[in-house]
Amino acid sequence: MNSIKNIINNSTSVVITSLSYYCISVANFRLLAFSKYSEGIHWIYLPSGIVLISILLFAENGAVGIAIASSIITQQYYVHDDWITSVGNGLITGFSPLAARAFCISKLNIDANLNNLNGSSLMIMSLLFCLLKTCMRELWLSLRGHQNHAQYAILVSVVGDFVGALAILYLAKIIIASVGQFRNKT
Amino acid sequence: MKRNTISNETIRFLNLITAIRSMPSVPVLDALEEKVLIALASKWASGIAITVMEMLDYFTDVSPSTVHRRLKTLKKKGLIALKEDDDDNRTKYIQPTQLAFNVLDEVGKCMTAAVKMK
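Along each chain, the written sequence defines residue order, and numbers are assigned to residues from 1. The order in which chains are written sets their letters, starting at A; the order in which ligands are written sets their numbers, starting at 1. Owing to the predicted nature of the model, reporting of local features is limited to residues with pLDDT of at least 70; listing and counting of side-chain atom pairs is limited to 80 or more, with chain, interface and lining totals taken over all residues. Just so you know, side-chain values use all the structure's heavy atoms and leave hydrogens and water out.

Numbering of helices and strands runs from the N terminus; a helix is a DSSP stretch of H or I covering at least four residues, while a strand is a stretch of E covering at least two. Per the secondary structure count, chain B includes five helices and three strands. Exposed residues in this analysis have more than 50% of their type's maximum accessible area, buried residues have under 20%, and partly exposed residues fall in between, with area computed by a 1.4 Å probe over protein chains only. Counting every position in chain B, which comprises 118 residues, the buried fraction comes to 28%. Two residues form a contact once any of their heavy atoms are found within 4.5 Å. Once local pairs closer than 6 in sequence are excluded, the contacts in chain B between residues at least 24 apart make up 45%.

Listed below in structure tokens is the structure:
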């Protein structure tokens, strides 16, 4: 009975992560098209905020969810008809933040349940997430012959991911504060 | 017997919310709001109930209308609450909210840390 419950819980977190990553990615491409620097690289990339939150909350399940959605997004928007590149890119997008999470947990005195996590360590984490993901992704894409030739591509990608992560975190902060104020009134 | 357990995701969610709330942000209070709040805190600490009218005349260097505007913004920000007098509903007492206690508590912690550093 417990194992069935676990499977349902795990599947739910994978589906929630996948759907939110996919929807935010599509919204980013459509609504923030002006922030596009070159193919696949934006000055503001909101899905990185979803990656950060999902990996922190759901860990491995979050990584699986991100990997699935990112593979689909890569196939749809960047490398049509090359599933190996898409799946590889998805796995890097999903699992490199998991490695960054493990690193932060060991080095920043945070435990697996995020006890001792604070604003500063959250920002350090998000920067590390962005750096690791971008470097591994660019390496993989160049190995697969899809290297981005735009100047400063890696730098813009890291900046875009970090700005996107901060935008999502501060949006969450505003929502949390608003909910608190609303509850104080009622 | 059914055991109540809190899942790891719930603990992580609560810790994440706390971390997000502690992220740096622009100052919540302006200088005059802080001044008004500190004046109120000294009254509350002495156990003196202070009314809006008394507070308007409290500062010699700030006009009553300016103080009144700041009281309104402090109320809007959830730091103070107004309670009508039981006998005279024109008299309103200024009372601290839990948020005000939290803010003052943080200020106290900063002061203690600063003294320790010295």
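Picking up where we left off.
Contacts between the two partners involve 16 residues from chain B, matched on the other side by 22 residues from chain A. Throughout, buried area stands for the accessible area (probe radius 1.4 Å) lost by two parts on being put together, summed over both. Interface area for chain B against chain A, summed over the two sides, is near 1,700 Å², with a carbon-plus-sulfur share of 65%. By definition, a salt bridge exists where a carboxyl oxygen of Asp or Glu is found within 4 Å of a side-chain nitrogen of Lys or Arg. Where chain B touches chain A, the interface holds zero salt bridges. Whenever a nitrogen or oxygen atom comes within 3.5 Å of another N or O atom, the pair is scored as a polar contact, on the condition that within protein one atom can donate a hydrogen and the other can accept it, and that pairs from neighbouring residues in sequence are kept only if both atoms are in side chains. On the surface where chain B and chain A come into contact, there are eight residue pairs in polar contact (both at pLDDT 80 or more). Residue contributions to the side of chain B that touches chain A peak at eleven residues, all from helix 1 (residues 8-21) of chain B.

To continue, consider the side chain of S25 of chain A. Within the secondary structure, S25 of chain A sits in helix 1 (residues 2-31). Every residue in contact with S25 of chain A, bar those within four places of it in the chain, is listed here: Y45, P47 and I73 of chain A.

Here we take up helix 1 of chain A. Residues and elements named next belong to chain A. Compared with an ideal rise of 1.5 Å per residue, which puts 30 residues at 44 Å, helix 1 spans 43 Å between its outermost C-alpha atoms and is within 8% of the ideal. Residues of helix 1 that are buried: S13, V14, T17, S18, Y21, S25, V26, N28 and F29. Looking at the packing, one finds that the buried side of helix 1 touches strand 2 (41-42), helix 2 (47-58), helix 3 (60-77) and helix 4 (83-107). In this analysis, the expected span of each helix is defined as 1.5 Å times one less than the number of residues it contains.

Right, let's get into the confidence of the model for chain B. Mean pLDDT over chain B works out to 85, with 94% of the residues at or above the 70 mark. Confidence estimates for the predicted assembly give a pTM of 0.68 and an ipTM of 0.83. Per-residue confidence from the prediction method is given by pLDDT, with values spanning 0 to 100.

Take the packing of helix 1 of chain A against helix 2 of chain A next. Residue and element names in this part refer to chain A. Contact pair helix 1 / helix 2: the axes reach a minimum separation of 9 Å and the direction vectors enclose 170°. The angle between the axes of helix 1 and helix 2 places the two elements in the roughly antiparallel class. Facing S13, T17, S20, Y21, I24, S25 and N28 of helix 1, the residues of helix 2 in contact are P47, I50, V51, S54 and F58. Ten residues, namely Ala, Val, Leu, Ile, Met, Phe, Trp, Tyr, Cys and Pro, are considered nonpolar, four, namely Asp, Glu, Lys and Arg, are considered charged, and the remaining ones, Gly among them, are considered polar. A per-class count over the contact of helix 1 with helix 2 returns six nonpolar, six polar and no charged. Interaxial angles span 0 to 180 degrees and are taken between N-to-C directions of axes, which are lines fitted to C-alpha atoms, for helices over the stretch in contact. For this classification, under 35 degrees means roughly parallel, over 145 means roughly antiparallel, 65 to 115 means roughly perpendicular, and everything else is oblique.

Below, the discussion takes up helix 4 (residues 64-76) of chain B. Residues and elements named next belong to chain B. Helix length check: helix 4 (13 residues) gives 18 Å between terminal C-alpha atoms against 18 Å at 1.5 Å per residue, within 8%. Within the sequence span of helix 4, burial applies to T66, V67, L71 and L74. The buried residues of helix 4 occupy an angular sector of 140° when projected down its axis, which confines them to one face. Residues of helix 4 that are exposed and angled more than 90 degrees away from the buried face: K72 and K76. Each C-beta atom gives one direction from the helix axis, and the arc is the one those directions make.

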